[in-house]
Amino acid sequence: MLNPTNTFPASVIHRNLVSADRAPLNDIIHTTSLLSAEKRYLKTPSLALVLVHDLLLTKGGIQAKDGPIKQAVLRHRTRLQAEWVKLKIKRGVKGDVEMAQVDERQGLYFRSTKAQGYSQVQLISQTSEKEFHIDEHIQNLLVFPPKTTLLGDAAYEGGKVILQDKASCFSAALLEPPPNSIVIDATAAPGNKTTHLSALMGNTGRVIAFEKDKKRFATLEKMVSKAGCKNVETNCQDFLQTQPSDPTFSKVTHILLDPSCSGSGIVGRLDHLVENREDDGSEKEERLRKLSTFQRQIIEHAMQFPSAARIVYSTCSIHPEENEHVVRDALAASSGRFELVSRSEALPAWSRRGLDSELQGGEDGTNGFFVACFRRVHNRGKRKDVNGLQNEVTSRTGIAENAYDKGKRKRRRKQVVESEQSKDEEEEWGGILS
């Protein structure tokens, strides 16, 4: 979406469905204990969310016909309205429209080397449409005011400017393939990361892009062509069906993995309006189990490519089952052949390092994401078991965390560790980004 309308109240819903326990409306539902008080009628948090939204943020209030469900919310109208006012005061905004725009303050991200007709500034204004500043972490990532539209702009229409969320840029930036290298993008559609890899390589070398779905493959081809990528070779094929020993891949040194995930970190997902939250327990666990099995499988397959020196694994999920747990298991399966790069090698300027207590969506102007960077261990004489591997994982909403940190804390309670060894381990595990 190039031209966010900021139309109220739809933008409130759109911007606040990332995480049910953190969204403003859900905060109010929780604070007022609405669900427990009216559990007979409000069967799911999703239903309560829609009704409370209409009560507080639409002109005519709840549009549904009068009945027990509507009355279940109206009984708490005074308390709900009072809590909404308190929340606005807490967030430092005066009106409902400002609440809707809180998350819009970060701006829009476009990949490009330049922006003709726009003025480069240190800090963009929320009112200007002709300013941009350069992102501090990602090369050639330009940040524009949130109301910017490039529809009709020659550079955008010609593929020289690409709309891409900052979180989506981290994986290619962390993989950092040098010019003339041979790279695999294992799950390439729609093509944002593929074209980013091509740009980082200066349109040299080869980017071998795989996409098994025919419709998504067509989108990938279109984007690669529009961006003018001469070094990208597209394949409508399942990456998992490739043979790592095939001579075609003998010189592949870098692999980017961005497999299917729950998408739980994506700002603006509307799943919460349609899913039955009562099913979240067992069904959610089963879905995460299937996803993590596939994710681990694709990492282990990538590790079989004989010349693969660097592998980046990324998700747009905030679930550890898809992130730290997958990385932990993949490292164990590698039997010491791979380790995670050190923190100093993985975007050291990015401060977030994966502490759950710091997980606050939107603080860094990105969707929720997770990125882990593996590298092949060449010095076999210094091989370590999985508990001693260096760790560098990039994780959730700009937060990075040591994938084994919790498990190591438990082990440390059961054993005495010399202070010097503890310092070494702390250094080894300090490199997770997100």
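Higher on the page you've got the structure.
Let me begin by describing the structure that accompanies this report. Every value quoted in this text rests on a predicted model; they were computed, and no experiment measured them.

A separate point is the packing of helix H9 (residues 166–175) against helix H10 (residues 192–200). Where H9 meets H10, the closest approach of the two axes is 9 Å, and the angle between their N-to-C directions is 35°. Seen from above, H9 lies across H10 with right-handed handedness. Where H9 abuts H10, its residues Ser-168, Cys-169, Ser-171, Ala-172, Ala-173 and Leu-175 lie against Asn-192, Lys-193, His-196, Leu-197 and Leu-200. Per-class residue counts for the contact of H9 with H10 are six nonpolar, four polar and one charged.

One can describe the packing of helix H2 (residues 24–31) onto helix H4 (residues 45–57) by two numbers: an axis separation of 10 Å at closest approach and a directional angle of 100°. The pairing of H2 with H4 is recorded here as roughly perpendicular in orientation. Counted together, Leu-25, Asn-26, Ile-28 and Ile-29 of H2 and Ala-48, Leu-49, Val-52, His-53, Leu-56 and Leu-57 of H4 form the full contact between these two elements. Partitioned by chemical class, the residues of the contact of H2 with H4 number eight nonpolar, two polar and no charged.

Our focus in this paragraph is the packing of aromatic side chains. Applying the stated criterion across every chain, the model contains eight aromatic pairs. Aromatic pair Trp-350 and Phe-369: ring centres 6.2 Å apart, planes at 55°, arrangement tilted. With a gap of 19 residues between them, Trp-350 in the loop between strand S11 (338–340) and strand S12 (370–376) and Phe-369 in the loop between S11 and S12 connect regions that are remote in the sequence. Of the two residues, Trp-350 and Phe-369, neither departs from the other in class, the shared state being buried.

Each value, and the rule that gives it
Residues numbered from 1 in each chain as written. Predicted model: local features only at pLDDT ≥ 70, side-chain atom pairs only at ≥ 80, totals over all residues. Heavy atoms only, no water. Axes fitted to C-alpha atoms, helices over the stretch in contact; angles between N-to-C directions. Helix = DSSP H or I, 4+ residues; strand = E, 2+ residues; numbered from the N terminus. Left-handed = near helix turned anticlockwise from the far one by under 90°. Contact = heavy atoms within 4.5 Å. Nonpolar A, V, L, I, M, F, W, Y, C, P; charged D, E, K, R; others polar. Parallel < 35°, antiparallel > 145°, perpendicular 65-115°, else oblique. Phe/Tyr/Trp six-rings, centres within 6.5 Å; stacked < 30°, edge-to-face > 60°. Buried < 20%, exposed > 50% of the residue type's maximum accessible area, 1.4 Å probe, protein only.

These figures come from the coordinates and say nothing about function on their own.
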